[in-house]
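Secondary and tertiary structure notes
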Amino acid sequence: YLVVSYSAPHTGNFSIVASDAVSFVRERFAGKKGITKHDIDNHPAKAKYIKGTFDILNIFYVLVATKQASIDRASSKGAIVPLHFNIKPKKKKNS
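Residues numbered from 1 in each chain as written. Predicted model: local features only at pLDDT ≥ 70, side-chain atom pairs only at ≥ 80, totals over all residues. Heavy atoms only, no water.

**Structural notes on helix H1 (residues 19-28)**
The periodicity of an α-helix, 3.6 residues per turn, causes residues three or four positions apart to be oriented the same way. By the burial criterion, the buried members of H1 are Ala21, Val22, Phe24, Val25 and Arg26. Buried residues in H1 make contact with helix H2 (37-41), helix H3 (53-65) and strand S4 (85-87). (Buried < 20%, exposed > 50% of the residue type's maximum accessible area, 1.4 Å probe, protein only. Helix = DSSP H or I, 4+ residues; strand = E, 2+ residues; numbered from the N terminus. Contact = heavy atoms within 4.5 Å.)

**Quick word on the pairing of strand S2 (residues 11-16)**
Consecutive side chains along a regular strand alternate between the two faces of the sheet. Counting buried positions along S2 gives 0 out of 6 residues, so the element sits mostly on the surface. Where strand S1 (residues 2-8) lies against S2, 6 bridges are found, and the strand directions are antiparallel. Across the sheet, the residue bridging to Ser5 is Asn13, located in S2. Following S1, the chain reverses through 2 residues before pairing antiparallel with S2; His10 in that reversal takes a positive phi of roughly 65 degrees. (Pairing = 2+ DSSP bridges.)

**Re a nonpolar patch on the surface**
Together, Leu2, Val4, Tyr6, Phe14 and Ile16 make up a nonpolar patch on the protein surface, roughly 650 Å² of accessible area in all. Inspection of the secondary structure puts Ile16 in strand S2. (Patch = residues over 30% accessible without salt bridge, like charges linked within 9 Å, V, L, I, M, F, W, Y side chains within 5 Å. Areas by Shrake-Rupley, 256 points an atom, 1.4 Å probe, with all protein chains shown as cover. Salt bridge = Lys/Arg side-chain N within 4 Å of Asp/Glu carboxyl O.)

**Things to note about the pattern of salt bridges**
Applying the stated criterion across every chain, the model contains 2 salt bridges. One salt bridge in this structure joins Asp41 and Lys46, with 2.9 Å as the shortest N-O distance. According to the relative accessible area criterion, Asp41 is partly exposed, its value standing at 34%.

See below:
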């Protein structure tokens, strides 16, 4: 995935987010609400997929953009409070 952010007209940054990192977060936290970057950062298996804080935030942004998560606005109020995300549950397979 390519995440692009703009800081001013004609100025910005981009990050490449590995699909396996997005899948890791999606699988491990499916159905959970109020997830923060700290929850991901403290997961013991994250080092294989995620290198830093900005990687985690970019993964959340990919999940929101692909409608696999949403920003939990009720939990994210306040200047000091970190963003909280709700990861959608896994879709049930029809058997």
